[in-house]
Amino acid sequence: MFVGAAVGSLGRHTRVTPDGMPIFDGRMEVFFKIIYISQLTQTVTFGLTKIAVVLFYRRIFVPRTFSIISLVMIGLNITWTIAFFAANLLQCWPISGNWTGLDAAPGTCIDTTMMYLAQAWSDVFTDIVILSMPIPWIWRLQMAPMRKFFVVLMLQLGALVVCAGVAKLVVFHRITYDTAVGDEDLTYLLTPTVYWPMVESSLGIVGACLPLLRPVFTDSPAKSIFSSLRAMISLSSLRSNDARKPSGDYDKLEAGNVGASQNSLVDGAQVV
């Protein structure tokens, strides 16, 4: 963004000829290069952040059903990342057509508007699915509703990403409408496509890391978070259809151990 604003036309109005045609100069070329690079980096950032969150869930939730769902989501996000990275990379051929778009020959680029909207919609959808994954398992736990709320809250700190993704989607639809009605101020109009994905990716990284920041404020090691969460979810799995509940003295011992871990987690969730 700094380069695009300093030596490019990022955030500036497009220079036009007396008859209203855009002037393609060096600053506009830098602008389109920044747009192109931003599209590639944001796609990789979104995909890797989503995969990291799902891998974090897999360290906590042990039921077989959740394991299968998480593997499906990892595969889906890998496919999403590769597909849209390739679509952004090869949206124009030759690739230099991405930053010489005003002079590119007709038919050398795909329908980039539809590709951007498809990426934005699917991005929001996968964010919502990933954030919703742990809720059913947490809500099955035998604990007070308020305690469940604190646990869910701790794992839903990335909800701001969905809000940023929806805002980006609204902006993209607005840009689509403005270009459809013939607005030629491209450098000013397309500037939000650079900074809104940066806002979303930054919030995604912060939201993925926040649940592990408890050791910064307490003396508990990071491993205790995983141990407490995993033990607590084990109680849910014992009462679900994924595993049969043991009987006898072993059942009482297991319930006692997991109950102690529940108290440890709730205390940590309230601190966070």
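A quick note: this is a predicted structure, and the numbers were derived from the prediction, not measured. (Residues numbered from 1 in each chain as written. Predicted model: local features only at pLDDT ≥ 70, side-chain atom pairs only at ≥ 80, totals over all residues. Heavy atoms only, no water.)

Visitor: Just to check I follow, could you spell out the packing of aromatic side chains for this structure?
Guide: How two aromatic rings sit relative to each other is set out by the distance from centre to centre and by the angle between their planes. The tally for this structure, following the rule as stated, stands at nine aromatic pairs. With a centroid separation of 5.2 Å and an interplanar angle of 80°, the aromatic rings of phenylalanine 66 and tryptophan 137 are classed as edge-to-face. In this pair, phenylalanine 66 sits in helix α3 (residues 64-89) while tryptophan 137 sits in helix α5 (residues 135-139), placing the two residues 71 residues apart along the sequence. Since its relative accessible area comes to 0%, phenylalanine 66 is described here as buried. For tryptophan 137, a relative accessible area of 7% corresponds to the buried category. Following the ring pairs from residue to residue traces out a cluster consisting of Phe56, Tyr57, Phe61, Phe66 and Trp137. Geometry around tryptophan 80 places lysine 50 over its ring, the cationic atom sitting 5.8 Å from the centre. (Phe/Tyr/Trp six-rings, centres within 6.5 Å; stacked < 30°, edge-to-face > 60°. Helix = DSSP H or I, 4+ residues; strand = E, 2+ residues; numbered from the N terminus. Buried < 20%, exposed > 50% of the residue type's maximum accessible area, 1.4 Å probe, protein only. Lys NZ or Arg CZ within 6 Å of the ring centre and 35° of its normal.)

Visitor: How should I be thinking about the UniProt feature "transmembrane region" (unreviewed entry) in the protein in this particular structure?
Guide: Feature annotation in UniProt places "transmembrane region" (unreviewed entry) on residues 34-56, 68-90 and 151-175, given in this structure's numbering. Secondary structure over residues 68-90 splits into 96% helix and 0% strand, and the C-alpha atoms at its two ends are 33 Å apart. The annotated region residues 151-175 carries 88% helix and 0% strand content, and the separation between its end C-alpha atoms amounts to 39 Å. (UniProt positions renumbered as here; feature names shortened; annotations may be inferred.)

Visitor: What exactly am I supposed to notice about the layout of surface pockets here?
Guide: Remark: the empty space left among the atoms is shown by a probe the size of a water molecule rolled over them. Here the second largest pocket is characterised by a volume of approximately 320 Å³. Taken together, 24 residues form the lining of the second largest pocket, with Thr49, Val53, Val161, Gly204 and Ala208 sitting closest to its centre. Counting residues per element, the ones that place at least two in the lining of the second largest pocket are α2 (26-58), α4 (112-132), α6 (145-155) and α9 (192-209). For the lining of the second largest pocket, the element with the highest residue contribution is α2, accounting for eight residues. In terms of residue class, the lining of the second largest pocket is built from 13 nonpolar, seven polar and four charged. (1 Å grid on protein atoms, 1.4 Å probe; cavity = no way out; pocket = protein on both sides within 12 Å on 5 of 7 lines; lining within 4 Å. Points joined across faces, edges and corners; volume = space filled by probe spheres on them. Nonpolar A, V, L, I, M, F, W, Y, C, P; charged D, E, K, R; others polar.)

Visitor: What am I meant to see in the nonpolar core here?
Guide: A general feature of soluble globular proteins is that nonpolar side chains tend to end up buried together. In this structure, Tyr57, Phe61, Phe66, Ile130 and Ile138 are the most contacted members of the largest nonpolar core, which totals 21 residues. Elements that contribute at least two residues to this core include exactly α2, α3, α4, α5 and α6. Here the element with the most residues in this core is α2; it accounts for four residues. Setting aside anything within four residues of it in sequence, one finds tyrosine 57 in contact with Phe66, Ile130, Leu131, Met133, Pro134, Leu155 and Gln156. Listed in part, the eleven residues of the second largest apolar core include Leu10, Ile35, Ile175 and Leu189. (Core = buried A, V, L, I, M, F, W, Y, C linked by side-chain atoms within 4.5 Å. Contact = heavy atoms within 4.5 Å.)

Visitor: Even after reading the chapter, I still don't get a nonpolar patch on the surface, so can you show me in this structure?
Guide: A surface patch of nonpolar side chains, about 300 Å² in accessible area, is lined by Met146, Phe149 and Leu153. Relative to the elements of secondary structure, phenylalanine 149 occurs in helix α6. (Patch = residues over 30% accessible without salt bridge, like charges linked within 9 Å, V, L, I, M, F, W, Y side chains within 5 Å. Areas by Shrake-Rupley, 256 points an atom, 1.4 Å probe, with all protein chains shown as cover. Salt bridge = Lys/Arg side-chain N within 4 Å of Asp/Glu carboxyl O.)

Visitor: What should I look at first to understand the pattern of salt bridges in this one?
Guide: Where charged atoms from two side chains of opposite charge approach closely, those side chains can pair. Summed over the entire model, instances satisfying the criterion amount to six salt bridges. Measuring nitrogen to oxygen at the nearest pair gives 2.7 Å for the salt bridge that ties lysine 50 to aspartate 123. Residue lysine 50 is located in helix α2, and its partner aspartate 123 is located in helix α4; the two are separated by 73 residues in the primary sequence. Exposure remark for lysine 50: the relative accessible area of 4% places this residue in the buried category. Close ionic contact of aspartate 127 with lysine 50 constitutes a salt bridge, the shortest N to O distance being 2.4 Å. You can see aspartate 127 sitting in helix α4 and its partner lysine 50 sitting in helix α2, a full 77 residues away along the chain. Exposure class is identical for aspartate 127 and lysine 50. Each is buried. Residues participating in the shared-partner salt-bridge network are Lys50, Asp123, Asp127, Lys168 and Glu200.

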